Amino acid sequence: MEQIKTDILIIGTGGAGLFAALHAKQANPDLHVTLAVKGLVGKCGCTRMVQGGYNVALAAGDSVERHFMDTIVGGKWLPNQELAWRLCETAVERINELENEVGCFFDRNADGSLHQKAFAGQSFDRTVHKSDLTGIEIINRLMEKVWAADVNKLEEHRAIKLVRSADRSGIAGAVLIDMRSGVYRYVAAKAVMLATGAGPTMYRYHTPSGDKTCDGLNMALDLGLGLRDMEMVQFHPTGLLGGPDTRMTGTVLEEGLRGAGGYLLNGDKERFMFNYHDAGERATRDIVSRGIYQEMRDGRTTPMGGVYISMAHLGADHVAKSFPGMVKRCKDCGFDLAGGLVEVVPT
Ligand SMILES: Cc1cc2nc3c(=O)[nH]c(=O)nc-3n(C[C@H](O)[C@H](O)[C@H](O)COP(=O)(O)OP(=O)(O)OC[C@H]3O[C@@H](n4cnc5c(N)ncnc54)[C@H](O)[C@@H]3O)c2cc1C
């Protein structure tokens, strides 16, 4: 089998994988770093699909403590608090890095400060964004940095097995298939990082990138490594329900729509979320998803079996200007998000 030697093998090129490669090279420019990915660098995975934005405590009056508490309370006190704190604390560092070193342009207020919009479950407007297609900005800029860096890339290479070291004390590398030629390649590495994410393909309605199929997790499991919190699958409440003739069914209509004041209506065209939570449509995703499922179970559904999202009361022009990507996505499937009703289902 063809062999490649590297210091660090990173499998997956979403935000996690690309940042890891850049940080490794920053720490030691002499390291030989290899990125391997099923698709093309920066063109696959979920980071590119991020619409809403990046939560970070930046504004006057907001704080890392507040962001942390929103995260813990939103997670029903189940999150690992060390990890949650690290997430909230390093978000500040990361957003500065994304802007000042990676070169991302995010939306700004008239005074030049970063614009932060409302997201569910947040006690402060703290979502940094680029219109409603934030992931494309983040991944494109990261991709440019990685292309400019001295990093070895194996595109359209699917990792299929992690290989133990001869003394079985660690991992010696990974076997990959070059999907263009069918050739197997073994990459020997001093360190292997799995940045492959998980996968949703066991559910009828799902939104992540099609290359996310849990096979990274399977490789770890196969090696006897423990997986944790596997029951924590997030459902986004408002996936587009476009009918059987479109592959767009399941794609997310972003959280910011409800954050901006969008209504959810059941099949009888009645708002129902206040029957489930005081925050109504702005409750966290788990609560809104469960509320929608309950309406579906009780038979109060739209013709295609979901509920409606309605934005028209906010003014069609305002909606079209604030959420151009979402309006276009719906229009492509024959729905008028700015002025009409769009059928949605948890995804
Ligand atoms: C539609 C949508 C909207 C979202 N909106 C938001 C949002 O507004 N805010 C937010 O914070 N989060 C959002 N998220 C979640 C966010 O996208 C993810 O948490 C984040 O991007 C994960 O980054 P990652 O690098 O771990 O994974 P990904 O970006 O998914 O990258 C995984 C990579 O691994 C590769 N891979 C997988 N298996 C293999 C294999 N066997 N061999 C080789 N390569 C492999 C894939 O090809 C891909 O390149 C959203 C997700 C979706 C799907």
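Right above here is the structure, for reference.
Residues numbered from 1 in each chain as written. Predicted model: local features only at pLDDT ≥ 70, side-chain atom pairs only at ≥ 80, totals over all residues. Heavy atoms only, no water.

*Asks:* I'm lost on the site of the ligand in this one. Help?
*Replies:* Contacts to the ligand come from 29 residues, most closely from Cys46, Thr47, Gly53, Asp211 and Lys212. In the model, an oxygen atom of the ligand is placed 3.2 Å from a nitrogen or oxygen of the Thr13 main chain. Gly53 is positioned such that a nitrogen or oxygen atom in its backbone is 2.7 Å from a nitrogen atom of the ligand. Listed by contribution, the elements that provide at least two residues to the shell around the ligand are α1 (15–27) and β7 (157–164). Here the shell around the ligand takes three residues from β7, the largest share from any one element. Split by residue class, the shell around the ligand holds 12 nonpolar, 12 polar and five charged. (Near = heavy atom within 4 Å. Polar contact = N/O pair within 3.5 Å; in protein donor to acceptor, adjacent residues only side chain to side chain. Helix = DSSP H or I, 4+ residues; strand = E, 2+ residues; numbered from the N terminus. Nonpolar A, V, L, I, M, F, W, Y, C, P; charged D, E, K, R; others polar.)

*Asks:* Whenever I open this one, the packing of aromatic side chains confuses me. Can you help?
*Replies:* Any aromatic ring pair is given by two values, namely how distant the centres are and how the planes are angled relative to each other. Under the criterion given, the structure shown has four aromatic pairs. Here Phe68 and Trp85 contribute two aromatic rings whose centre-to-centre distance is 5.4 Å and whose plane-to-plane angle is 75°, an arrangement assigned as edge-to-face. Within this pair, whereas Phe68 is found in helix α2 (residues 64–74), its partner Trp85 is found in helix α3 (residues 81–102), the two being separated by 17 residues in sequence. For Phe68, a relative accessible area of 13% puts it in the buried group. (Phe/Tyr/Trp six-rings, centres within 6.5 Å; stacked < 30°, edge-to-face > 60°. Buried < 20%, exposed > 50% of the residue type's maximum accessible area, 1.4 Å probe, protein only.)

*Asks:* Which parts of the structure should I look at to understand the layout of surface pockets?
*Replies:* Over the atoms a probe the size of a water molecule is rolled, and this reveals where empty space is left. Empty space within the second largest pocket amounts to approximately 220 Å³. Lining of the second largest pocket is provided by Met49, His206, Thr207, Pro208, Ser209, Gly210, Arg247, Met248, Thr249, Gly250 and Thr251. Two domains each provide a minimum of three residues to the lining of the second largest pocket, namely domain 1 (2–46 + 145–222) and domain 3 (239–345). (1 Å grid on protein atoms, 1.4 Å probe; cavity = no way out; pocket = protein on both sides within 12 Å on 5 of 7 lines; lining within 4 Å. Points joined across faces, edges and corners; volume = space filled by probe spheres on them. Domains from an automatic or database assignment.)

*Asks:* Could you clarify how one ought to interpret the sheet that holds strand β8 (residues 171–178) in this entry?
*Replies:* Pairing is mixed across the open sheet formed by six strands, whose spatial order is β6-β2-β1-β9-β8-β7. Each edge of the open sheet is held by one strand with a lone partner, namely β6 (152–154) and β7. When strand polarity is set aside, the average angle formed by the axes of neighbouring strands in this sheet is 40°. Bridge count for β7 against β8 is seven bridges, and the pairing is antiparallel. Bridge assignment links Val163 to a residue of β8, and that residue is Gly173. Running at roughly 170° to strand β2 (residues 33–36), α1 makes contact with β1 (2–11), β2 and β9 (184–194) of the sheet. (Pairing = 2+ DSSP bridges. Axes fitted to C-alpha atoms, helices over the stretch in contact; angles between N-to-C directions. Contact = heavy atoms within 4.5 Å.)

*Asks:* Can you walk me through unusual backbone geometry in this structure?
*Replies:* Apart from glycine, the bulk of residues carry a negative phi angle, and the bulk of peptide bonds sit in the trans form. The backbone of Lys76 shows a phi angle near 55°, a positive value even though the residue is not glycine. Tracing the sequence through the fold places Lys76 in the loop between α2 and α3. With a relative accessible area of 39%, Lys76 lands in the partly exposed category.

*Asks:* Even after reading the chapter, I still don't get the nonpolar core, so can you show me in this structure?
*Replies:* Nonpolar side chains in soluble globular proteins tend to be buried together. Formed by 29 residues in total, the largest nonpolar core has its most connected members in Ile10, Leu18, Leu35, Leu98, Phe106 and Leu142. Taken together, the elements giving at least two residues each to this core come down to β1, α1, β2, α3 and α4 (134–148). The dominant element in this core, judged by the number of residues it contributes, is α1, at six residues. When residues of this core are sorted by domain, at least three fall in each of domain 1 (2–46 + 145–222) and domain 2 (52–132). Residues Met273, Ile287, Ile309 and Val319 belong to the second largest nonpolar core, which totals 24 residues. (Core = buried A, V, L, I, M, F, W, Y, C linked by side-chain atoms within 4.5 Å.)

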